[in-house]
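Chain and residue survey
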Amino acid sequence: MKKTLIALALTALPVAAMADVVLYGQIKGGVGVTFGDSDTRDGSITQMEDYGSRIGFKGEEDLGNGLKAIWQVEQRVSLAGAGASEGFNTRDTFIGLEGGFGKVRAGYVSDQFNENMETMDIWEYRTGAGAAARGLATMTRFDGRSQGVRYDSPNFGGFDFNITHQLSDSATEGRFDKPGNDDMGQSTIVGLNYENSGFFGKVGYGVYETAGDDEGQLVRVEGGYDANNLFVGLAYQYAKDMPAYDAYGNGLIGGIADKAHEAAVSVAYTMGAVTPKITYAHGWDQKINGSDVDASGYDQVIIGADYALSKRTTALVSAGWMNSANSINTQTGELEDGDLYSVGVGLRHKF
């Protein structure tokens, strides 16, 4: 009897020690079929797709006087098998402080675009050939995270702001003796958000240090309504001296775009367990090396629906079409567009 009590006490020790640690995550993925009808993409492919599965650990400690220490370690996992992007602390991983002054985090952190401004992207996707067609992967291509420091303000009457300074992930000591290169790869992103009675507005502005002579700049504005089972959102994005978008990812355009303009609208409405959704996005032709590049823009339509099987498990179905540059005319040297179609069916479970 005494041995049994000792064993039970020892078993309970790790549980008590881990009481302030929260385990959370999402497992989501499905099967996608993607079709192309252009010269370079003619046919179809069926793939197992992961939609951004992740698992994380987080916790906090009360330091007194309204101050607490916060931390998080989060990583990607994939239903499609491990790849270069999966592994430990591959998502937001940080340590910081939170109190009446707001919140400060240091580590591998998301910026305003990645954490606060993907409201418009109401679709689940990440890997597979259909990602470009069934989600706003092109418009959100600059959203990301890197090593740095982020500050988030308290909420003031529905308003809050944040600023993120991201350091160069590839910085090495060899840059100490190379003036002009010491800040390459760094960026500063600021954000302002507002929400009241279901109405929301968000603005993000980023400055990016690149290898070129000019700093890259990115501006995105989002606004809409999200309440009473209805979501309506609008977004506009302007990029200056940033990498050109290439929806097919085949390097046809490449280089740095002097200017790029994009816009999107998304609508969703929940009726019981079913939420039908639709998105339209458009990218205007880009200006590269001082000239407009014909057929360098895109059009995109996504339709689908979510079906809530429970509070934590949802069935997903979506279909997308994108028209964008797909090949180069060998006689004229000009871009030619092509169509990409994709259909996906999957599941999402949150824990």
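Residues numbered from 1 in each chain as written. Predicted model: local features only at pLDDT ≥ 70, side-chain atom pairs only at ≥ 80, totals over all residues. Heavy atoms only, no water.

Let us now look at the overall build of the protein. On a plain count of helices and strands, the protein comes out with two helices and 19 strands. When each of the 351 residues of the protein is scored for burial, the buried share is 41%. Of all intrachain contacts in the protein linking residues separated by at least 6 positions in sequence, the fraction that spans at least 24 positions is 56%. (Helix = DSSP H or I, 4+ residues; strand = E, 2+ residues; numbered from the N terminus. Buried < 20%, exposed > 50% of the residue type's maximum accessible area, 1.4 Å probe, protein only. Contact = heavy atoms within 4.5 Å.)

Among the secondary structure elements, D339 is positioned in strand β19 (residues 335-350). A residue is classified by how much of its surface remains accessible, and D339, at 17% relative accessible area, is buried. A distance of 3.0 Å separates polar atoms of two side chains, one belonging to D339 and the other to W321. There is a polar contact of 2.8 Å between the side chain of D339 and the side chain of N323. (Polar contact = N/O pair within 3.5 Å; in protein donor to acceptor, adjacent residues only side chain to side chain.)

Now for the pattern of salt bridges. Inspection of every chain in the model, using the stated rule, returns 16 salt bridges. In this structure, E124 engages K28 in a salt bridge whose closest nitrogen and oxygen atoms are separated by 2.8 Å. One end of the pair, E124, is in the loop between α2 (112-115) and β7 (145-152); the other, K28, is in strand β1 (residues 21-37), and 96 residues separate them in sequence. When salt bridges that share partners are traced, they join R105, E115, R150 and D152 into one network. (Salt bridge = Lys/Arg side-chain N within 4 Å of Asp/Glu carboxyl O.)

Glancing now at the confidence of the model for the protein. For the protein, the average pLDDT comes to 86, and 82% of its residues sit at 70 or higher. Scored below 50 in pLDDT, residues 15-19 makes zero contacts in the model with residues more than four places away or belonging to other chains. (pLDDT = per-residue confidence, 0-100.)

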